[in-house]
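# Chains, contacts and geometry: an overview
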Amino acid sequence: MKFSVQRESLLKPLQQVIGAVERRQTLPALANILLRSDDSGISLTATDLEVELQAHLDMELSETGETTLPARKLLDICRTLPESAVLDFDIKADRSAIKSGRSRFSLATLPASDFPTLDELDNSQQLTLSQNELKSLIERTAFAMAQQDVRYYLNGLMLELTAKNIKAVATDGHRLAMCEIPFKSDLDATRQVIIPRKGVMELQRLLENNDDLATIDISNSHIRVTVAGLRFTSKLIDGRFPDYNKVLPKSTDKEMSVDKELFKQALTRTSILSNEKYRGIRLSHEKGSLKLQAHNPEHEEAEEIIEIDYKGEPLEIGFNVTYLLDALSTISSKLVDVKLKDANSSALVMGNGDETARYVVMPMRL
Amino acid sequence: MHTHRKIIHIDMDAFYAAVEQRDFPEYRGRPIIVGGSPDKRGVVATCSYEARKFGIHSAMPSSRARRLCPQAIFVRPRFEVYRQLSAQIRAVFQRYTDLIEPLSLDEAYLDVTKNTDFQGSATRIAQAIKADIFRDTRLTASAGVSYNKFLAKIASDMDKPDGLYVITPDEGAAFADALAIGKFHGIGKVTEAKMHDLDIITGRDLKTWSLEDLQDVFGKAAHYYYHAARGIDDRPVESQRVRQSIGSETTFDQDLSDSGDMLLQLRQRSSEVAHELVARGISGRTLTIKVKFDNFEQVTRSRTLEQSFTALSEMNALLPELLAKTDAGQRKVRLLGVTVSGLCVPDKEDSHVQLKLI
């Protein structure tokens, strides 16, 4: 296999796929990147057996072939070469020579046949969204995913497809984030899949903020997202996601409306003196004003009062301030609406005039 | 110039073995080894002075002790008796001070700075404590008297058994100078080897190092080492020692090779730990398992949760995943243990209970 490529053309796809290469691998080949020539150039593939990332590089090769090369070393070589350098690859069975200017590298290869790749997905269902839409679905919910929870099905993002819309839902058992966008499909039944945490993070990193299309294929065991020059595939978590409808607050009788930036800043300031571990903060709602209070084990205290619009009986309620701030950070509306019931029931947080995303936060008993 | 503290370190002489020799006259004058059976995998807990002549010491495998001294008498420990005696000895300490920091059943630090008996002579207080212990228990103790914990402990070892040794403030620095590095409190085998690699053999060598250089190599512990080398140790005698962790472990009579069996054993350990947590009314945030393989290589794996736990079910749920992160199953295992750390007392007024959505 022989080809020449400019540093910048190779660097970007390498950086895109490197996320799938784990630092500690179970198989030697998983430390490598698969290079395989095709009709229009070379594909670069990396995998940790759960997430596979593949980037394509259009080019002419002087000799076709396939091999695997040490991923991080290849990336480091490419990264540290001077700008616009041209790399000449000459890949033999067990050694790969890379030349650029007066630099020479000889890298060990492993046969392409040792590299586990995913073939076409069986019985997959296909749909198309813009990259924007998909990225926003993920960004507005992924922060609520659990990390290493024993309820393994919470360590991921649930995508739900219906005839009318697509929903993304994530929860760690204490708070839940949900975002939906309208989408017409010929689906006759609701379908739910759970993408594992690592896959979600990689996908979020790869998607760009533009209107280019992203093609999503979903099989029984995998999800694949294809965008220009890039293919993401992840295993699905085999499990049942909790019924999110059950945890959406129903009989709320109190409602607060507040300027988002004002609320966010007051929370951030007050949280400085909250218990570092539990991050508890007390909110006292009454007509026209909200009092925020926090104190820590050193008996330091913070208090702040902000102006709000409030309907209902006065209410004192505690929250983990991180949960509130996480939700507020993904809301773009100027005003935020919070619906409440009592100090033991969940609160519903939404951007004013934005029905697409909903956040449910369970209180903390302080 | 501040006045020096008066610290006494009391160490019972060959405690378990001495108790056995006291209660069983036929053991007197003979090599007695209290500990696990040499046929299984026991280790020596304590041995009598007669046994020490053969090179036997505590923590040595019992089987090795028997090879060194075939005529030694192996005795199963009677912890109930030792605990009772330990309480009796503690009662003696309490006559002289409230500041008592027990290190184990047979060892304690006392701070007698405030005691005015015998015109405030710590040496004579130590003599009186030794005499009281002997009168009440018929057992001998060795006492070390000095102006800090580190030197008091060195002193109690100077004149064993039935000894009394004093290191005065004027002598402290010279003692630290001459002391082999492995004898410093808190320097175990690993640190000792590391220090030897750096040509630090005695306290005098240690003293040539600047605090900054020590910090580069030893991190947080550097501060203690730096001062200890100068005979300085400001650690107070802590009568209420705060537990850092609660753990339970067992060595098996036969190595385990089945990971199902290992999980079962781990669950038993975690149930003991859970009982202890409940009994003390505390909870923890970090669960660690310890696995020792048949070649004595040892690994630990741990998980820290956001919220502290006390429930056995929460602990058990973490075990399979932690065990799977080791080679257990592919390799044989001789010891398993479970430890909970990151301990905290759930504060009643400030409970911070995050309510569950799901």
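Further remarks concern unusual backbone geometry. Peptide bonds are, in most cases, trans, and in most cases residues other than glycine have a negative phi. Residue P161 of chain B follows K160 of chain B across a cis peptide bond; omega there is -15°. With a phi angle near 55°, R279 of chain A is a residue other than glycine that sits in the positive phi range. With a phi angle near 70°, F296 of chain B is a residue other than glycine that sits in the positive phi range. Mapped onto the secondary structure, F296 of chain B falls in the loop between strand 10 (284–293) and strand 11 (298–309).

Before going further, it helps to examine the sheet that holds strand 3 (residues 41–47) of chain A. All names here are of chain A. Across the sheet, which stays open at both edges, the eight strands sit in the order 5-2-3-4-16-15-14-9 with antiparallel pairing between neighbours. If you trace the sheet from one side to the other, it starts and ends with strand 5 (66–70) and strand 9 (125–130), each paired once. Strand-to-strand twist across the sheet, computed as the mean angle between neighbouring axes with direction ignored, equals 20°. Examined bridge by bridge, strand 14 (residues 213–218) and strand 15 (residues 222–227) share four bridges and lie antiparallel to one another. By the bridge assignment, I216 is partnered in strand 15 with V225. Contacts from helix 2 (residues 71–80) reach strand 2 (32–38) and strand 5 within the one sheet, and its direction differs from that of strand 5 by about 80°. In the packing of helix 4 (residues 197–206) onto the sheet, contacts are made with strand 4 (51–58), strand 15 and strand 16 (230–235), and the angle to strand 16 comes to roughly 165°.

Moving on, we come to the environment of K356 of chain B. Note that K356 of chain B resides in the segment after strand 13 (353–354). Classification of K356 of chain B by relative accessible area gives exposed; the value is 59%. Other than its neighbours up to four places away in sequence, K356 of chain B contacts G173, H174 and M362 of chain A.

The biggest cluster of nonpolar side chains holds 99 residues, and the ones touching the most others in it are F3, F89, F263 and L267 of chain A. With six residues, the single largest contributor to this core is helix 7 (residues 321–329) of chain A. Setting aside residues up to four positions removed in sequence, F89 of chain A forms contacts with M1, K2, F3, V5, L10, L69, L74, S96, A97 and I98 of chain A. Counting 34 residues, the second largest nonpolar core, distinct from the first, contains V19, Y82, I100 and A128 of chain B.

So, about the pattern of salt bridges. All names here are of chain B. Using the criterion set out here, one finds 42 salt bridges over all chains in the structure. Salt-bridge contacts for K160 lead to D13; the nearest nitrogen and oxygen are separated by 2.8 Å. Here K160 is found in the loop between helix 6 (149–156) and strand 8 (164–166), whereas its partner D13 is found in the loop between strand 1 (7–12) and helix 1 (15–23), with 147 residues between them in sequence. Between D136 and R135 there is a salt bridge, with its nearest N and O atoms 3.5 Å apart.

Let us look at the environment of F79 of chain B. Structurally, the position occupied by F79 of chain B is in helix 4 (residues 79–96). Taking the C-alpha atoms as reference points, F79 of chain B and Y16 of chain B, 63 residues apart in sequence, are found 8.6 Å from one another.

Below, the discussion takes up the confidence of the model for chain B. Mean pLDDT over chain B: 88, with 97% of residues reaching 70 or higher. As scored by the predictor, the complex reaches a pTM of 0.59 and an ipTM of 0.84.

With that out of the way, let us pick up helix 4 of chain A. Every buried residue of helix 4 of chain A is listed here: G199, V200, E202, L203 and L206 of chain A. All buried residues of helix 4 of chain A project into a common sector of 165° when viewed along the axis, lining one side.

The strands making up a sheet are joined through hydrogen bonds of the backbone, oriented either antiparallel or parallel. All names here are of chain B. Overall, mixed pairing links the three strands, which are arranged 3-2-4 in an open sheet. Of all the strands in the sheet, just strand 3 (44–47) and strand 4 (73–75) have a single pairing partner and so form its edges. Ignoring which end each strand starts from, the neighbouring axes of this sheet average 30° apart.

The space that makes up the largest pocket amounts to roughly 1400 Å³. Forming the walls of the largest pocket are 50 residues, and the residues nearest its centre are H174 of chain A together with L305, E306, Q307 and S308 of chain B. Among the secondary structure elements, those contributing two or more residues to the lining of the largest pocket are helix 4 and helix 7 of chain A together with strand 11, helix 13 (312–324) and strand 13 of chain B. Classifying every residue of the lining of the largest pocket gives 20 nonpolar, 15 polar and 15 charged. Taken as a whole, the second largest pocket encloses approximately 910 Å³ of empty space. Lining of the second largest pocket is provided by 31 residues; of these, D11, S58, E107, K153 and D157 of chain B occupy positions nearest its centre. Of the residues contributing to the lining of the second largest pocket, the split by class is 13 nonpolar, eight polar and 10 charged. Here the lining of the second largest pocket spans two domains, and each of domain 1 (15–78) and domain 2 (172–228) of chain B adds at least three residues to it.

With that settled, the discussion passes to the pairing of strand 1 of chain B. Residue and element names in this part refer to chain B. Summarising burial for strand 1: six of the six residues are buried, a large majority. Two strands pair when backbone bridges link them, and strand 1 and strand 7 (residues 141–146) are joined in this way by six bridges, in the antiparallel orientation. Pairing of H9 across the sheet is with G144, part of strand 7. Pairing between strand 1 and strand 6 (residues 107–111): five bridges, direction antiparallel. Looking at strand 6, one finds that I8 is bridged to L110.

The subject of this paragraph is the interface of chain B and chain A. Quite often, the size of an interface is put as the accessible area lost when its parts meet. The interface of chain B with chain A comprises 18 residues on the first partner and 27 residues on the second. The interface formed by chain B and chain A contains eight residue pairs in polar contact (both at pLDDT 80 or more). Those elements that provide at least two residues to the side of chain B that touches chain A are strand 11, helix 13 and strand 13 of chain B. It is strand 11 of chain B that provides the largest number of residues to the side of chain B that touches chain A, a total of four residues. Bridge analysis of strand 26 (residues 364–365) of chain A against strand 13 of chain B gives two bridges, and the strand direction is antiparallel. Each residue of the ladder has a partner; that of R365 of chain A, found in strand 13 of chain B, is V353 of chain B.

Moving on to the packing of aromatic side chains. With the rule as written, the count across this model stands at 13 aromatic pairs over all chains. Seen from their ring centres, F143 of chain A and Y359 of chain A are 5.8 Å apart, and the 35° between their planes marks the pair as tilted. In this pair, F143 of chain A sits in the loop between helix 3 (131–139) and strand 10 (156–161) while Y359 of chain A sits in strand 25 (residues 357–361), placing the two residues 216 residues apart along the sequence. Under the relative-accessibility criterion, Y359 of chain A is labelled buried at 2%. For the ring pair Y16 of chain B and F79 of chain B, a centre distance of 5.7 Å and an interplane angle of 90° mean the geometry is edge-to-face. A residue pair is termed long-range when its members are at least 10 positions apart, and Y16 of chain B in helix 1 and F79 of chain B in helix 4 qualify at 63 residues. R52 of chain B extends its terminal NZ or CZ atom over the ring of Y49 of chain B, reaching a point 4.7 Å from the ring centre.

The subject of this paragraph is the side chain of Q125 of chain A. Residue and element names in this part refer to chain A. On the secondary structure map, Q125 appears in strand 9. Q125 sits in the buried class, given a relative accessible area of 19%. A distance of 2.6 Å separates the side chain of Q125 from the side chain of R191, its partner in a polar contact.

The next thing to look at is the pairing of strand 1 (residues 2–6) of chain A. All names here are of chain A. Here strand 1 shows a clear split, with F3 and V5 buried on one side and none of K2, S4 and Q6 buried on the other. With five bridges connecting them, strand 1 and strand 6 (residues 86–91) associate as antiparallel partners. The partner of V5 across the bridge, within strand 6, is L87.

Rules of the game
- Residues numbered from 1 in each chain as written.
- Chains lettered and ligands numbered in written order.
- Predicted model: local features only at pLDDT ≥ 70, side-chain atom pairs only at ≥ 80, totals over all residues.
- Heavy atoms only, no water.
- Helix = DSSP H or I, 4+ residues; strand = E, 2+ residues; numbered from the N terminus.
- Pairing = 2+ DSSP bridges.
- Axes fitted to C-alpha atoms, helices over the stretch in contact; angles between N-to-C directions.
- Contact = heavy atoms within 4.5 Å.
- Buried < 20%, exposed > 50% of the residue type's maximum accessible area, 1.4 Å probe, protein only.
- Core = buried A, V, L, I, M, F, W, Y, C linked by side-chain atoms within 4.5 Å.
- Salt bridge = Lys/Arg side-chain N within 4 Å of Asp/Glu carboxyl O.
- pLDDT = per-residue confidence, 0-100.
- Arc of directions from axis to C-beta.
- 1 Å grid on protein atoms, 1.4 Å probe; cavity = no way out; pocket = protein on both sides within 12 Å on 5 of 7 lines; lining within 4 Å.
- Points joined across faces, edges and corners; volume = space filled by probe spheres on them.
- Nonpolar A, V, L, I, M, F, W, Y, C, P; charged D, E, K, R; others polar.
- Domains from an automatic or database assignment.
- Polar contact = N/O pair within 3.5 Å; in protein donor to acceptor, adjacent residues only side chain to side chain.
- Phe/Tyr/Trp six-rings, centres within 6.5 Å; stacked < 30°, edge-to-face > 60°.
- Lys NZ or Arg CZ within 6 Å of the ring centre and 35° of its normal.

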